[in-house]
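# Report on the structure
The residues making up each chain are set out below.
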Amino acid sequence: MKQLSGVGVLDKAALVLAAVEQGPASLADLVARTGLTRATAHRLASALEIHRLVGRDGAGRFVPGPRLAAGVATPLPWDVLDRADRILTELRDVTGESTQLYVRRGALRLCVAASERASGLRDTVPVGAALPMTAGSGAQVLLAFADHPDPELLAAAPFDSGTLALVRERGWAESIGERETGLASVSAPVRGESGTVIAAVSLSGPLERLTRSPGRRHGLAVLAAAARLSTSAVD
């Protein structure tokens, strides 16, 4: 392995991070992508998982962890990530639905934290999943409060500028069957110290439970969770 920094273990950890950025990776994939031994790849990936630089998807594969969200255009403060698991779990318990935290990465939104409903019909979005910025209430929030309009993304979306104006006015977004038929969701913005929107808290589940007015049902709860995650909040 080529030494880049002169610190062998750091260079090997960087290889693992680069490997998971290529896409979800089983242990065999990590070995193939990095050239490391199976034992070394597993040890490093497990250590990086503890530090939340690597995560796992629903199939148990290694994926980018939530702390890699610091590499997005608007960095996500680490204290937000530290509080996210607890607040998302509380939101899940109050509403009975799966919850997520998204940040924008170009034309995609990345799930950096999630709390899944334990049983029954549910929407599963694993940490590290990348979803399009052209569908879903999370995408609506991240586009509605973006510094600059993105006409190309908006042209490909089922919502329009009028929808985004409404999101800004009421403070939350809802979607019905945009990302997947039969699913509904509600999202609200998480703000940084300057007031800039840095992420979106989302709640998602089957339409039969959320109804065709998911925002009326859960909008206030999602807003409250987003406010608690915002960096100006004391929680």
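A quick note: this is a predicted structure, and the numbers were derived from the prediction, not measured. (Residues numbered from 1 in each chain as written. Predicted model: local features only at pLDDT ≥ 70, side-chain atom pairs only at ≥ 80, totals over all residues. Heavy atoms only, no water.)

### Quick notes on the sheet that holds strand S7 (residues 183-191)
With antiparallel pairing, six strands are arranged side by side in an open sheet as S5-S4-S3-S8-S7-S6. The open sheet has two edge strands, strand S5 (130-132) and strand S6 (173-176), and neither has a second partner. For this sheet, the mean angle separating the axes of adjacent strands, direction not counted, is 30°. Packing of helix H4 (residues 78-95) onto the sheet brings it into contact with strand S3 (98-105), strand S4 (108-115) and strand S8 (197-206), and relative to S4 it is tilted by some 70°. (Pairing = 2+ DSSP bridges. Helix = DSSP H or I, 4+ residues; strand = E, 2+ residues; numbered from the N terminus. Axes fitted to C-alpha atoms, helices over the stretch in contact; angles between N-to-C directions. Contact = heavy atoms within 4.5 Å.)

### Observations concerning the packing of aromatic side chains
All chains considered together, the criterion is met by zero aromatic pairs. One residue, Arg109, lies across the ring of Tyr102, its end atom 4.6 Å from the ring centre. Across from the ring centre of Phe145, 5.0 Å away, lies the NZ or CZ of Arg191, which sits over that ring. (Phe/Tyr/Trp six-rings, centres within 6.5 Å; stacked < 30°, edge-to-face > 60°. Lys NZ or Arg CZ within 6 Å of the ring centre and 35° of its normal.)

### Focus on unusual backbone geometry
Even without being a glycine, Arg52 presents a positive backbone phi close to 65°. Structurally, Arg52 can be placed in the loop between helix H3 (38-50) and strand S1 (54-56). With phi around 70°, Thr211 is a residue other than glycine that occupies positive phi space. Relative to the helices and strands, Thr211 resides in the loop between helix H8 (207-210) and helix H9 (214-229).

### Side note on the nonpolar core
Counting residues in each nonpolar core, the largest one holds 25 residues, and the members touching the most others are Leu101, Val190, Val201, Val222 and Leu229. Ranked by residue count, the leading element in this core is H4, at six residues. In contact with Leu229, other than residues within four places in its own chain, are Val80, Arg83, Ala84, Ile87, Leu101, Val190 and Val201. Ranked by size, the runner-up nonpolar core spans 20 residues in total, among them Tyr102, Phe145, Phe159 and Leu164. (Core = buried A, V, L, I, M, F, W, Y, C linked by side-chain atoms within 4.5 Å. Buried < 20%, exposed > 50% of the residue type's maximum accessible area, 1.4 Å probe, protein only.)

### Some details on empty space enclosed by the protein
Using a probe with the size of a water molecule, rolled over the atoms, empty space left in the structure can be pinpointed. Scanning all chains against the criterion turns up one cavity of 30 Å³ or more. Estimates place the volume of the largest cavity at around 120 Å³. Lining the largest cavity we find 19 residues, and of these Gly136, Ser175, Arg179, Ser185 and Ser204 sit closest to its centre. Here the residues of the lining of the largest cavity are counted per class, giving four nonpolar, 10 polar and five charged. (1 Å grid on protein atoms, 1.4 Å probe; cavity = no way out; pocket = protein on both sides within 12 Å on 5 of 7 lines; lining within 4 Å. Points joined across faces, edges and corners; volume = space filled by probe spheres on them. Nonpolar A, V, L, I, M, F, W, Y, C, P; charged D, E, K, R; others polar.)

### Some remarks on the domain arrangement of the protein chain
Segmenting the protein chain into domains produces domain 1 (6-62) and domain 2 (76-227). Computed from C-alpha coordinates alone, the two centres of domain 1 and domain 2 are separated by 29 Å. Facing four residues of domain 1, the contacting portion of domain 2 comprises five residues. Linking domain 1 with domain 2 are two salt bridges. Note that Asp85 and Arg52 form a salt bridge whose closest N and O atoms lie 3.5 Å from each other. Counting the contacts that link domain 1 with domain 2 gives one residue pair in polar contact (both at pLDDT 80 or more). Its residues assigned to classes, the side of domain 1 that touches domain 2 comprises no nonpolar, one polar and three charged. (Domains from an automatic or database assignment. Salt bridge = Lys/Arg side-chain N within 4 Å of Asp/Glu carboxyl O. Polar contact = N/O pair within 3.5 Å; in protein donor to acceptor, adjacent residues only side chain to side chain.)

### As for the packing of H4 against H9
Between H4 and H9, whose axes approach to 9 Å, the crossing angle comes to 160°. The pairing of H4 with H9 is recorded here as roughly antiparallel in orientation. Handedness of the H4/H9 crossing: right-handed. Here Val80, Arg83, Ala84, Arg86, Ile87, Glu90, Leu91 and Thr95 of H4 come into contact with H9, specifically with His218, Ala221, Val222, Ala225, Arg228 and Leu229. (Parallel < 35°, antiparallel > 145°, perpendicular 65-115°, else oblique. Left-handed = near helix turned anticlockwise from the far one by under 90°.)

### Details of the pairing of S7
Of all nine residues in S7, eight are buried; the element is thus mostly enclosed. Direction of pairing for S6 relative to S7: antiparallel, over a ladder of four bridges. The partner of Ser175 across the bridge, within S7, is Ser185. Linking S6 back to S7 in an antiparallel pair, the connection comprises six residues, with Gly177 at a positive phi of about 70°. Inspection of the sheet shows S7 paired to S8 by nine bridges, in the antiparallel sense. Note on S8: the bridge partner recorded for Val190 is Ala199. What sits between the antiparallel neighbours S7 and S8 is a turn of five residues, in which Gly195 has the positive phi angle 95°.

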